[in-house]
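Understanding the architecture of this molecule
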Amino acid sequence: MKYISTRGQAETLDFEGVTLTGLARDGGLYVPEEIPTFSAEEIRAMRGKTYAEIAFEVISPFVGDCLTEGELKRMLDATYDENYGGQFRHPAVAPLVQTGNNDWLLELFHGPTLAFKDFALQLLGRFFDHFTAKRDQKLTILGATSGDTGSAAIEGCRGRDNVSIFMLHPKGRVSEVQRRQMTSVIEPNVVNIAVEGNFDDCQALVKACFNDHAFRDEVGLTAVNSINWARVMAQIVYYFTSAVALGAPDRPVSYSVPTGNFGDIFAGYIAKRMGLPIEKLVIATNSNDILARTLETGRYERGDVYSTLSPSMDIQISSNFERMLFDIAGRDAAVIAKYMEDLSTTGGFTLDANHHSALKELFAAERVDDETTKAVMQEIYASSGYIADPHTTVGIEAANVCLPDNGAPRVTLATAHPAKFGEAVKAATGVDPVLPAHMADLLTREERMVSLPNDEETLKARVREGGWS
Ligand SMILES: *Cc1c(COP(=O)(O)O)cnc(C)c1O
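The text that follows walks through the structure, step by step, so that each part is easy to find. Positions within a chain are numbered from 1, following the residues in the order the chain's sequence is written. Where totals are concerned, whole chains, interfaces and linings use all residues; where local detail is concerned, this predicted model gives features only for residues with pLDDT of at least 70, and gives and counts side-chain atom pairs only at 80 or more. Think of the side-chain values as coming from all heavy atoms in the structure, minus any hydrogens and water.

Turning our eyes to something else, we now look at unusual backbone geometry. The residue after Ala248, namely Pro249, is reached through a cis peptide bond having omega 10 degrees. Residue placement: Pro249 occurs in the loop between α10 (229–245) and β9 (253–258). The backbone of Leu114 shows a phi angle near 70 degrees, a positive value even though the residue is not glycine. For the purposes of this entry, the term helix denotes a DSSP run of H or I that reaches at least four residues, the term strand denotes a run of E that reaches at least two, and both are numbered from the N terminus. The residue Leu114 is located in the loop between β4 (103–107) and α5 (117–135) in this model. Accessibility expressed as a relative area gives 2% for Leu114, which makes it buried. A positive phi angle, close to 60 degrees, is found at Arg331, a residue other than glycine. Remark: exposure states derive from per-residue accessible area (1.4 Å probe, protein chains only) relative to the maximum for the residue type, with buried under 20%, exposed over 50%, and partly exposed in between.

Written out as structure tokens, the structure is:
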């Protein structure tokens, strides 16, 4: 399997190359040259298989010959099968919970950090380890986080031989649960850095390090953000496991996806292209509604970023949307390059009418503000006793608004455990959600981190020092 850039000017790479590279050198995103497909019969044959077994079938064609069957199987078992050390604490890995006659939640929060990002990052850490060992290389992962990505990336990389991870967070400005999920990982290859500044300062520091090419090559700098193809790929799997459990390929199904960077919902679109009978994909957004506006008006336009109850979706520019545009524009890289140039010079672009209508055919979108989120969270709790986190609640409400109750299952992706956003949940429902047993002692665990001033040279010096000795 070969991968090409959405902007058409970067070299073609294999799976190993795109996993280690992330962003293409022409500024574009890598996508598979062809999307593999499954026949109805092949999908039917997935019934009754385990999560790890279905993952193997879905992921194999994307990996091509970069891993042997045995190597890939071992990695998937170690990631998604409790019997081989998998860290997902539910036997179904991604269980479906029925909440109405045709309504389901796909719970994606049983991984080590209680959010769906574990599905991809638990696996990505293994890919990094394997490919760097093969090339006899070391990788340094550098990132800034205000929430879920940091802890999931740290969990995915902890204890790996060839990888060290440096994760910046704004000192005193992340919740105690979120900080401790990162800082209580005390392996020598994990360095948490509390920066004396805000989240934008952290991001600016990371960007400055990546822009210093000499430094970048010296330490083997890599990012783990959601534009890495391997992350999208891993997320395709749970669309297959859930659709098959609900009767695919013989019964259509729709999904509502709490959306920020468009990674998770793009995985759903690829699953549809691969042969799943997905009727509609609902883009569920909070007040940061650039995608909902685009679908309505045909104009993609940057706006202000608002802080909401669902902070992991507080994003204005959805990077993975570029992959979607590439497909609906008939994979014409020149069109994408033009859209992206307009975005960076004028802050927006207007979709060609054909591209706009193709998007509306595939997707629906709904914006759910904080007031509605609180009311819906409360309503769900009162009527069923189910406690949904704020991100999931945005998805549930968008499903209610956008999807007809026509007998086809409506599945909302439950992207985070309610205890991860305990304050918001308590304010809406009066219930203080408890952390799962494996994290019950989180608030008393030993922490390890270093505090640094908001200064590029000090940060680089600390990264050069490497992990803890
Ligand atoms: C990251 C995240 C999202 C948004 O996912 P994207 O792939 O960026 O669209 C939604 N909910 C939670 C809890 C998240 O952590």
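Pairing of aromatic side chains requires ring centres within 6.5 Å, counting the rings of Phe and Tyr and the six-membered ring of Trp. Pairs whose planes differ by under 30 degrees are stacked, by over 60 edge-to-face, and all others tilted. In this structure the tally under the stated criterion is 21 aromatic pairs. Measuring from ring centre to ring centre gives 6.3 Å for Tyr80 and Phe119, while their planes differ by 25 degrees; the resulting arrangement is stacked. Remark: Phe119 occurs in helix α5 and Tyr80 occurs in helix α4 (residues 69–80); sequence separation between them is 39 residues. One aromatic cluster is present, formed by Tyr51, Tyr80, Phe88, Phe119, Tyr238, Tyr239 and Tyr255 through successive ring pairs. One residue, Lys460, lies across the ring of Phe215, its end atom 5.7 Å from the ring centre. Both a distance and an angle decide whether a charge sits over a ring: NZ of Lys or CZ of Arg must be within 6 Å of the ring centre and within 35 degrees of the ring normal. Lying across the ring of Trp468, Arg462 places its NZ or CZ 5.1 Å from the centre.

Before going further, it helps to spend a moment on the sheet that holds strand β7 (residues 190–195). A pair of strands is considered paired only if DSSP assigns at least 2 bridges between the two. Strand order in the open sheet formed by 5 strands is β8-β5-β6-β7-β15, and the pairing between neighbours is parallel. Here the strands that pair on one side only, and so sit at the sheet edges, are β8 (221–222) and β15 (450–452). Pairing analysis gives 6 bridges linking strand β6 (residues 163–170) to β7, with the strands arranged parallel. By the bridge assignment, Phe166 is partnered in β7 with Val191.

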